[in-house]
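As a plain string of letters, each chain reads:
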Amino acid sequence: MAIMRSKQKTGGASWLGIKTGTINKVIDESSKYDWADVYLVVEFMVEGSEYPRVCKIVGSFDKEADGKQIKDCTLLKRITFLLDAIGEDGGVNQFGQWVDCDEKPIEDMAAYLTENYKGHECTIYVYKELAKNGQAYTRVHNKVLAKTAKSEDELQDYISYLQSKGFIKEAPADMDTSAKKVEMNGTLDAGGIDIANL
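Keep in mind that this is a model prediction, so the values were computed, not measured. (Residues numbered from 1 in each chain as written. Predicted model: local features only at pLDDT ≥ 70, side-chain atom pairs only at ≥ 80, totals over all residues. Heavy atoms only, no water.)

How should I be thinking about the pairing of strand β6 (residues 121–130) in this particular structure?
The two faces of a sheet get side chains in turn, since along a regular strand they alternate between them. Among the 10 residues that make up β6, 8 are buried, leaving the element largely enclosed by the rest of the structure. In terms of strand pairing, strand β1 (residues 17–28) meets β6 through 6 bridges, oriented antiparallel. Residue pairing across strands places Thr 22 opposite Glu 121, the latter belonging to β6. Where β6 lies against strand β8 (residues 145–146), 2 bridges are found, and the strand directions are antiparallel. Each bridged residue has a counterpart across the sheet, and for Thr 123 the counterpart in β8 is Leu 145. Pairing analysis gives 5 bridges linking β6 to strand β7 (residues 136–140), with the strands arranged antiparallel. In the strand pairing of β7, Tyr 127 is matched with Arg 139. Linking β6 to β7, which pair antiparallel, is a turn of 5 residues; within it Gly 134 sits at a positive phi near 85 degrees. (Buried < 20%, exposed > 50% of the residue type's maximum accessible area, 1.4 Å probe, protein only. Helix = DSSP H or I, 4+ residues; strand = E, 2+ residues; numbered from the N terminus. Pairing = 2+ DSSP bridges.)

Looking at this model, I keep getting lost on a negative patch on the surface. Mind explaining?
Where like charges cluster on the molecular surface, the negative patch consists of Glu 152, Asp 153, Glu 154 and Asp 157. Tracing the chain through its elements places Glu 152 in helix α3 (residues 151–164). (Patch = residues over 30% accessible without salt bridge, like charges linked within 9 Å, V, L, I, M, F, W, Y side chains within 5 Å. Areas by Shrake-Rupley, 256 points an atom, 1.4 Å probe, with all protein chains shown as cover. Salt bridge = Lys/Arg side-chain N within 4 Å of Asp/Glu carboxyl O. Lys, Arg positive; Asp, Glu negative; His and termini not counted. Charge placed at Lys NZ, Arg CZ, Asp CG, Glu CD.)

Just to check I follow, could you spell out unusual backbone geometry for this structure?
Where the residue is not glycine, phi is negative for most of them; where a peptide bond is considered, it is trans in most cases. Its identity as a non-glycine residue notwithstanding, Glu 103 has a phi of 65 degrees, on the positive side. Assignment of secondary structure puts Glu 103 in the loop between β5 (98–99) and α2 (109–117). Taking relative accessible area as the criterion, Glu 103 reaches 62% and is therefore assigned exposed.

Just checking my understanding: could you explain the pattern of salt bridges for this structure?
Side chains that differ in charge, positive against negative, can pair when their charged atoms come close. Scanning the entire structure with this criterion turns up 2 salt bridges. Here Glu 29 makes a salt bridge to Lys 32, at a shortest N to O gap of 3.8 Å. When its relative accessible area of 57% is taken as the criterion, Lys 32 is described as exposed. One salt bridge connects Arg 139 with Glu 129, and the closest N-O pair in it is separated by 2.6 Å. Of this pair, Arg 139 sits in strand β7 while Glu 129 sits in strand β6; the two residues are 10 residues apart in sequence, bridging distant segments of the chain. One exposure class covers both Arg 139 and Glu 129, and it is buried.

Below, the structure written as structure tokens:
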């Protein structure tokens, strides 16, 4: 017979803040949103939580005058944060198409990332975002770092700067969050996405 152990539950909001997140899977939801060139949902597992914590890489590319080639923009920055954090040399080409490091097309970037980086550890910031609809949603900020000896301090400095400028809209710690019902399927509605969530 197997030895059973009760799962120990941690109290309060100990899963908020700077954490080590392990990539569980990546989902492409861009087909659901006409306005989104990219809509990647990255699920991170965090110690002490049975639910995935979700980071969304979402947006549309800014285009050059020709309307075909992309230029540096918020979406490209978010993509770069994630790919640099996991050590992926591929990304998007000048036309906004997913390619590997040899510039060969990647048909399904979500599947590619899940297959190659499931279990990869990153340093992430988990918080409760106060959305425009007045509800609080559990989020992983899109500034994701490679896990190193200094990554927690580096990310904390970045987050502290954003907080000091009011760029992160965090819900009060004691505010009830609607994320519990949403976390069950690992996805969140786009309504809470804000351009200030840089």
